Amino acid sequence: MKKILKEFKQFVSRGSVIDLAVGMIIGSAFTAIVTSIVKYIFTPLINLIPIGKKGTGLVTVLRPAVLDESGKVLTEALVLNWGEVIGAVITFFVTAVILFIIVKAMNAARAAAEKAKADLEAKLLKDKKKDEEKKAQEEVKEEPKEPEVTELDLLKEILEVLKQEKTE
């Protein structure tokens, strides 16, 4: 059970799953806006288009409502509302186009951020190499040169060693 919970936690904490959830929420909210615009503005306008023999528009009544003597509805009318269908298609296409634009903009922003990050990392690496080269050159310059040993110096050392041996 712990293994399943651990795997679920890893799955949920992935960036792509979170991005998907955010996208779904934004998409559904945006779809609600588009749906209301289409349903309450475009569909009534579409239904005004005169079509058919009677010029009744895109609403077709297949069977009228059946009422009793008191006016109570016994069976509802059967109506084909082509305006609603066309409105749903318009909603789909408007939502798809706008979400495409949003996703494209997000991908462009993500690509630009990744490029900037790569450029910064390359610059930092280049600067680090320059610093290392500069430090290496400074170390070479700072190293004291050992004085050259001449024959006279060697003879003096030999003489000192002989004096020490004599005194011992």
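None of these values were measured; they are calculated from a predicted model. (Residues numbered from 1 in each chain as written. Predicted model: local features only at pLDDT ≥ 70, side-chain atom pairs only at ≥ 80, totals over all residues. Heavy atoms only, no water.)

J.: What should I look at first to understand the overall build of the chain in this one?
T.: Each helix and strand in the chain was counted, giving four helices and four strands. For the chain, the α and β elements follow one another from N to C terminus as α-α-β-β-β-β-α-α. Across the 168 residues of the chain, 7% fall into the buried class. In the chain, the proportion of contacts linking residues at least 24 apart, taken out of those at least 6 apart, comes to 39%. As displayed, the chain has an accessible area near 15100 Å², and 66% of this comes from carbon and sulfur atoms. (Helix = DSSP H or I, 4+ residues; strand = E, 2+ residues; numbered from the N terminus. Buried < 20%, exposed > 50% of the residue type's maximum accessible area, 1.4 Å probe, protein only. Contact = heavy atoms within 4.5 Å. Areas by Shrake-Rupley, 256 points an atom, 1.4 Å probe, with all protein chains shown as cover.)

J.: Looking at this structure, I do not really get the confidence of the model for the chain. What am I missing?
T.: When pLDDT is low, close inspection of the predicted coordinates is not appropriate. In this model, the chain carries an average pLDDT of 80, and 88% of its residues clear a pLDDT of 70 or more. Highest mean pLDDT in the chain belongs to strand S2 (residues 66-67) (86); lowest belongs to strand S1 (residues 59-63) (72). (pLDDT = per-residue confidence, 0-100.)

J.: Hey, could you run me through the layout of surface pockets in this one?
T.: Taken as a whole, the largest pocket spans an internal volume of roughly 330 Å³. Elements with a contribution of two residues or more to the lining of the largest pocket: helix H2 (15-47) and helix H3 (82-142). When residues of the lining of the largest pocket are assigned to their parent elements, the largest contribution, seven residues, is made by H2. Looking at the lining of the largest pocket residue by residue, the classes come out as eight nonpolar, three polar and two charged. (1 Å grid on protein atoms, 1.4 Å probe; cavity = no way out; pocket = protein on both sides within 12 Å on 5 of 7 lines; lining within 4 Å. Points joined across faces, edges and corners; volume = space filled by probe spheres on them. Nonpolar A, V, L, I, M, F, W, Y, C, P; charged D, E, K, R; others polar.)

J.: Is there a simple way to explain the pattern of salt bridges in this structure?
T.: When the charged atoms of two side chains with opposite charge come close together, those side chains can pair. Counting across every chain of the model gives two salt bridges. The partner of Lys-115 in a salt bridge is Asp-119, and the shortest N-O contact between them spans 3.1 Å. Of this pair, Lys-115 and Asp-119 both sit in helix H3, four residues apart, which is roughly one turn of that helix. A salt bridge links Asp-127 to Lys-123, with the nearest nitrogen and oxygen atoms 3.2 Å apart. One end of the pair, Asp-127, and the other, Lys-123, are both in helix H3, four residues apart, so they sit about a helical turn from each other. Residue class for Asp-127 comes out partly exposed when judged on its relative accessible area of 28%. (Salt bridge = Lys/Arg side-chain N within 4 Å of Asp/Glu carboxyl O.)

J.: Where do I start with the packing of aromatic side chains in this structure?
T.: With the rule as written, the count across this model stands at one aromatic pair. Aromatic pair Phe-92 and Phe-93: ring centres 5.2 Å apart, planes at 70 degrees, arrangement edge-to-face. (Phe/Tyr/Trp six-rings, centres within 6.5 Å; stacked < 30°, edge-to-face > 60°.)

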